[in-house]
Amino acid sequence: TSDSKRPQKQWVSILLHLFCRQNRNQLQYGNIMYDRRVVRGNLHDQQNNNSDPGMQQRQQAYRRRAIARKQSKEQLKTKTPEAIQGRQHVVVQTGETLYSFLEELSNIIQVSEIDCQTDEFLDKPSTPLFVPAKSGVDVETQIEEGDLFDFDLEVQPVLEVLVGKTIEQSLLEVMEEEELACLRTQQRVFQELRNNELAEVQRLEEQERRYREEKERRVAQQKEVLKKEQETAEKIAARVFSQQYLAGLLPAVFSSLRRHGYFYDPVEKDISVNFLPWLIAEVNKQLDKRYTAREVLDNIIYEVTLKRLEDFKHLKFGQDCSDS
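Residues numbered from 1 in each chain as written. Predicted model: local features only at pLDDT ≥ 70, side-chain atom pairs only at ≥ 80, totals over all residues. Heavy atoms only, no water.

> How should I be thinking about the overall build of the protein in this particular structure?
Within the protein one finds 5 helices and 0 strands. Moving toward the C terminus, one meets the helices and strands of the protein in the order α-α-α-α-α. Expressed as a percentage of the 324 residues in the protein, the buried residues total 1%. On the protein, roughly 33,000 Å² of surface is accessible, and the fraction owed to carbon and sulfur atoms is 57%. (Helix = DSSP H or I, 4+ residues; strand = E, 2+ residues; numbered from the N terminus. Buried < 20%, exposed > 50% of the residue type's maximum accessible area, 1.4 Å probe, protein only. Areas by Shrake-Rupley, 256 points an atom, 1.4 Å probe, with all protein chains shown as cover.)

Printed below as a string of structure tokens:
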């Protein structure tokens, strides 16, 4: 009876735990208006709206969006961490109204300290084993030897089954080992074939790679040769064209430069640049001196002539007076 009651106790404890957990989840609602079981709004309008399925769907959609919006806001809020095991949070007023209820304790209570020593704890005795109470009536009977079980008679089918099962299991194990050996042989053969095929594939890939690289190298060499031939032909054509173009250009350039004075004799250049300007300047100085001397001489002659003319006029005027 005690063994039959233990599962019942376990089921009762599990149901109590689930009930407490459900009640704890239900206690999270702090406001009755957030309880889904509370009907909101006008009941008459709700009865009228129940006939319109579209209105009900819209209201449910609005309600779901509002709940989702509220849950998102609650997730964004900074929450107080959960209480540790064995404790719980208590709501405390921390606003300005708290200070109006505070009171300063001014009276000092006289206290004194007293020491006492307790006796040591005795060891707790071991808990006795649980012995369930007896129920029902005790009845006894006498069984003689050979009444219930004959070993020689009963053991023969058991031995036959055991031997048969052992031999069958042995045969199965031997067959399994043979099958595993065959599988290992097939796997080894398949692995060898696969390795040979992989080696052949790698050899063919390497050969193909060498052929491809040789082809690319030959193509690159041929392109390089063609490029050099084209460059050589272009250089030869450019050289021939430049020779033909410069054949009549050089004499014309030299003659033009010679006309513009880029090619000159140093002595002639020195004479024309340094000597002739100096000579012209000296000649101009001499001519200026000569012109100055002439002007001075002309002025002297003019003054002498004027003086002689006045003297002559005076002499002529004196002769006329004497004649008269």
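Alright, that's what it looks like, and here's the rest.
> When you look at the pattern of salt bridges in this model, what are you seeing that I'm missing?
Proximity of charged atoms lets side chains of opposite charge pair with each other. In this structure the tally under the stated criterion is 5 salt bridges. Linking Arg209 and Glu206 is a salt bridge whose minimum nitrogen-to-oxygen distance equals 2.0 Å. Placement of the pair is Arg209 and Glu206 together in helix H4 (residues 151-259), with a separation of 3 residues, close to one helical turn. For Arg209, a relative accessible area of 29% corresponds to the partly exposed category. Overall, the relative accessible area of 30% leaves Glu206 in the partly exposed class. A salt bridge links Arg209 to Glu213; its shortest N-O distance comes to 2.6 Å. With Arg209 and Glu213 both in helix H4, this residue pair falls 4 residues apart, about one helical turn. Judged by its relative accessible area of 41%, Glu213 is partly exposed. A single salt-bridge network, built from bridges that share partners, covers Glu206, Arg209 and Glu213. (Salt bridge = Lys/Arg side-chain N within 4 Å of Asp/Glu carboxyl O.)

> Where do I start with a negative patch on the surface in this structure?
Among the surface-exposed residues, Glu173, Glu176, Glu177, Glu178 and Glu179 lie close enough to one another that they form a single negatively charged patch. Mapped onto the elements of the fold, Glu176 is located in helix H4. Under the relative-accessibility criterion, Glu176 is labelled partly exposed at 46%. (Patch = residues over 30% accessible without salt bridge, like charges linked within 9 Å, V, L, I, M, F, W, Y side chains within 5 Å. Lys, Arg positive; Asp, Glu negative; His and termini not counted. Charge placed at Lys NZ, Arg CZ, Asp CG, Glu CD.)

> Which parts of the structure should I look at to understand the packing of aromatic side chains?
Each aromatic ring pair is described using two quantities: the centre-to-centre distance and the angle formed by the ring planes. Within the structure shown, the criterion is met by 1 aromatic pair. Look at Phe275 and Trp278: their rings are 6.1 Å apart centre to centre, the planes differ by 35 degrees, and that puts the pair in the tilted class. Of the two residues, Phe275 and Trp278 both sit in helix H5 (residues 266-323), 3 residues apart, roughly one turn of that helix. (Phe/Tyr/Trp six-rings, centres within 6.5 Å; stacked < 30°, edge-to-face > 60°.)

> How should I be thinking about H4 in this particular structure?
One turn of the α-helix equals 3.6 residues, which is why residues spaced by three or four share an orientation. In this model H4 runs 149 Å from its N-terminal to its C-terminal C-alpha over 109 residues, within 8% of the 162 Å that 1.5 Å per residue would give. At the exit of H4 stands Gly261, carrying a positive phi of roughly 85 degrees. (Expected span 1.5 Å × (residues − 1).)

> Would you take a moment to explain a positive patch on the surface for this structure?
Judged by side-chain charge, Arg63, Arg64, Arg65, Arg69 and Lys73 come together as a positively charged surface patch. With respect to the helices and strands, the residue Arg64 is situated in helix H3 (residues 53-76). Arg64 gets classed as exposed once you look at its relative accessible area, which sits at 53%.

> Just to check I follow, could you spell out a nonpolar patch on the surface for this structure?
Together, Val267, Ile271, Phe275, Leu276, Trp278, Leu279, Ile280, Val283, Leu287 and Tyr291 make up an exposed nonpolar region whose accessible area comes to about 900 Å². Residue class for Leu279 comes out partly exposed when judged on its relative accessible area of 34%.

> Honestly, the confidence of the model for the protein in this entry has me stumped. Any pointers?
Do not read the predicted coordinates in detail wherever pLDDT is low. The predicted model of the protein has a mean per-residue pLDDT of 78, with 76% of residues at 70 or higher. Helix H1 (residues 2-26) is the least confidently modelled element of the protein, averaging 53 in pLDDT, while H4 averages 89, the highest of any element. Scored below 50 in pLDDT, residues 1-7 shows 3 contacts in the model against residues more than four places distant or in partner chains. (pLDDT = per-residue confidence, 0-100. Contact = heavy atoms within 4.5 Å.)

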